[in-house]
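# Topology and contacts: notes
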Amino acid sequence: MNRRALRTGLTLAAACLAAWLGASSLVDSPDTETDRTETSYERFAAVVARHQAMSERVAAISRRLRVANAPLCRVTRPDAGLSTHRLEDYPRPLRPLALHFMDLGEEGRFIRSVVPGSPADRAALHPGERVLSGWPLREDAALVTGSGPVALDPDEACVAPAFVIDSPVPNAGTDGREIALSTTLVDQAADEAALAFIIAHEMAHILRDHKPDGPRWMAELQADGDALTLMRNAGYDIAATVAGWEAGVEVHRESQSMSATHPPLDIRLENLTRTLARLEAQTGGFRTLDD
Ligand SMILES: [Zn+2]
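All of the points below concern the structure found in this document. (Residues numbered from 1 in each chain as written. Predicted model: local features only at pLDDT ≥ 70, side-chain atom pairs only at ≥ 80, totals over all residues. Heavy atoms only, no water.)

Moving on to the state of the cysteines. Overall, the coordinates contain 1 disulfide when judged by the stated rule. Covalently, C73 is tied to C158 through a disulfide, its sulfur atoms 2.0 Å apart. Measuring handedness by torsion sign, the sulfur bridge of C73 and C158 sits at about 85° and is right-handed. Of the two residues, C73 is situated in the loop between α2 (33–68) and β1 (76–79) and C158 in strand β7 (residues 155–158); the sequence distance between them amounts to 85 residues. According to the relative accessible area criterion, C158 is buried, its value standing at 2%. (Disulfide = S-S within 2.5 Å. Helix = DSSP H or I, 4+ residues; strand = E, 2+ residues; numbered from the N terminus. Buried < 20%, exposed > 50% of the residue type's maximum accessible area, 1.4 Å probe, protein only.)

Written out as structure tokens, the structure reads:
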């Protein structure tokens, strides 16, 4: 099982476990065994749907940042704004649940999600559609689904995928290849720009090739500043983003008190304000990352 499959499986397992625990406390006095089963299934469906909605929200923001900043990335890939999955991606014990809740069949590859407004969306692709060939996307081969070849015009995008893991701890991080955000952090993000800032910060660590064991404070401040550049390139209102970050500083304090890796919030805010002023003083379009 590859890393992605394992991760997907673990994510689903955590969601299902949470659902079972929630279900057992929710069902006070079921009249019949059937009622209990239905309630549990409804609870499963709600947890899986919530996780799916968060994943789609993160995928849309991540794609916007990855496409806009493709010229800054060493590794890029055609991206049409869709993800796919197969039943084999899930651990064997969870496959019946995946079949029931995840809109996929027993054999073959299926579309899992489509980012609104993306080339996949414009081509009218939708979750649950079977993919016959052409995945992963390549420049020289068409994607073929159950309804035939699809004319896609994918964008070139940075390879820095972002995904959501079930966790009560508000946290985000990267292993240098992928970005993980906890469900609690996604829940706490005040708006799309706040979430984009978190994803852009982790993307900056990947672009800068920051080492997890390197000097942290300098790397964190650099990633904060870079995040504003990446967001500006993607058309976000970075002045509003910094204002929102400042307004939410107490929330950051709560999630940061567990971490010794980040500089004090006052220093981060001062750095963000200074970077914002520098970026706002510049006219014109696309920015590279500063030295
Ligand atoms: Zn960081």
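Given a rise of 1.5 Å per residue, 17 residues ought to cover 24 Å, and the 24 Å separating the end C-alpha atoms of helix α6 (residues 192–208) matches this to within 8%. With a side-chain oxygen positioned 3.2 Å from the backbone nitrogen of A193, the residue opening α6 is D191. Directly after α6, the chain includes D209, whose backbone phi takes a positive value near 60°. (Expected span 1.5 Å × (residues − 1). Polar contact = N/O pair within 3.5 Å; in protein donor to acceptor, adjacent residues only side chain to side chain.)

Right, let's get into the packing of aromatic side chains. Going through the model one piece at a time under the given rule, you end up with 0 aromatic pairs. Above the face of the Y236 ring, R64 is positioned so that its terminal group lies 3.7 Å from the ring centre. (Phe/Tyr/Trp six-rings, centres within 6.5 Å; stacked < 30°, edge-to-face > 60°. Lys NZ or Arg CZ within 6 Å of the ring centre and 35° of its normal.)

Let us now look at the pairing of strand β10 (residues 179–182). Of the two faces of β10, both are covered, the one formed by I179 and L181 as well as the one formed by A180 and S182. Pairing of strand β8 (residues 162–165) with β10, which is carried by 4 bridges, proceeds in the parallel orientation. Within β10, the position partnered with I165 by the bridge is S182. Of the pairings in the sheet, the one linking strand β9 (residues 172–174) to β10 comprises 3 bridges and is antiparallel in character. If you follow G173 over to β10, its bridge partner there is A180. Where β9 hands over to β10, the hairpin turn is made up of 4 residues, of which G176 adopts a positive phi near 95°. (Pairing = 2+ DSSP bridges.)

In this section: the coordination of the zinc ion. Distances from the zinc ion to its protein donors, H201 (NE2), H205 (NE2) and E220 (OE), fall at 2.0 to 2.1 Å. Along the chain, the residues that donate to the zinc ion are spaced as H-x3-H-x14-E. Of this pair, H201 sits in helix α6 while E220 sits in helix α7 (residues 216–233), and the two are 19 residues apart along the sequence. Both residues of the pair, H201 and E220, count as buried. (Donors = N, O, S within 2.8 Å, 3.2 Å for Na, K, Ca; no water.)

What follows deals with the packing of α7 against helix α10 (residues 265–281). As a packed pair, α7 and α10 sit with axes 10 Å apart at the nearest point and diverge in direction by 35°. Crossing hand, α7 versus α10: right-handed. Mapping the contact onto sequence places W217, L221, D224, G225, L228, T229 and R232 in α7 and I267, R268, N271, L272, T275, L276 and L279 in α10. (Axes fitted to C-alpha atoms, helices over the stretch in contact; angles between N-to-C directions. Left-handed = near helix turned anticlockwise from the far one by under 90°. Contact = heavy atoms within 4.5 Å.)

Through backbone hydrogen bonds, the strands of a sheet pair up, either in parallel or in antiparallel fashion. Strand order in the open sheet made by the 5 strands is β2-β3-β4-β5-β6, with antiparallel pairing throughout. If you trace the sheet from one side to the other, it starts and ends with β2 (82–86) and β6 (148–150), each paired once. Put simply, the sheet's adjacent strands are angled 45° from each other on average, direction ignored. Bridge analysis of strand β4 (residues 130–133) against strand β5 (residues 143–145) gives 2 bridges, and the strand direction is antiparallel. What sits directly across from S133, in β5, is V144.

It is worth spelling out the packing of α6 against α7 at this point. For the pair α6 and α7, interaxial distance at closest approach is 7 Å and the crossing angle is 120°. When the axes of α6 and α7 are compared, the pair comes out oblique. Relative to α7, α6 is oriented so that their crossing is right-handed. For the pair formed by α6 and α7, the contact residues are A193, A196, F197, A200, H201, M203, A204, H205, L207 and R208 on the first element and R216, A219, E220, Q222, A223, D224, D226, A227, L228, L230 and M231 on the second. (Parallel < 35°, antiparallel > 145°, perpendicular 65-115°, else oblique.)

Under the defined criterion, the tally for this structure stands at 14 salt bridges. E88 serves as the salt-bridge partner of R86, at 3.8 Å between the closest nitrogen and oxygen. When the shortest N-O distance is used, the salt bridge between R268 and D224 registers 2.7 Å. Placement of R268 in helix α10 and of D224 in helix α7 is noted, with a sequence separation of 44 residues between them. (Salt bridge = Lys/Arg side-chain N within 4 Å of Asp/Glu carboxyl O.)

Locating R64 in the fold gives a position in helix α2. Judged by its relative accessible area of 37%, R64 falls in the partly exposed class. Each C-alpha atom of the pair R64 and M231 lies 9.1 Å from the other, and the pair is 167 residues apart in sequence. Every residue in contact with R64, bar those within four places of it in the chain, is listed here: A234, G235 and Y236. Within polar-contact distance, the side chain of R64 engages the backbone oxygen of G235 at 3.3 Å.

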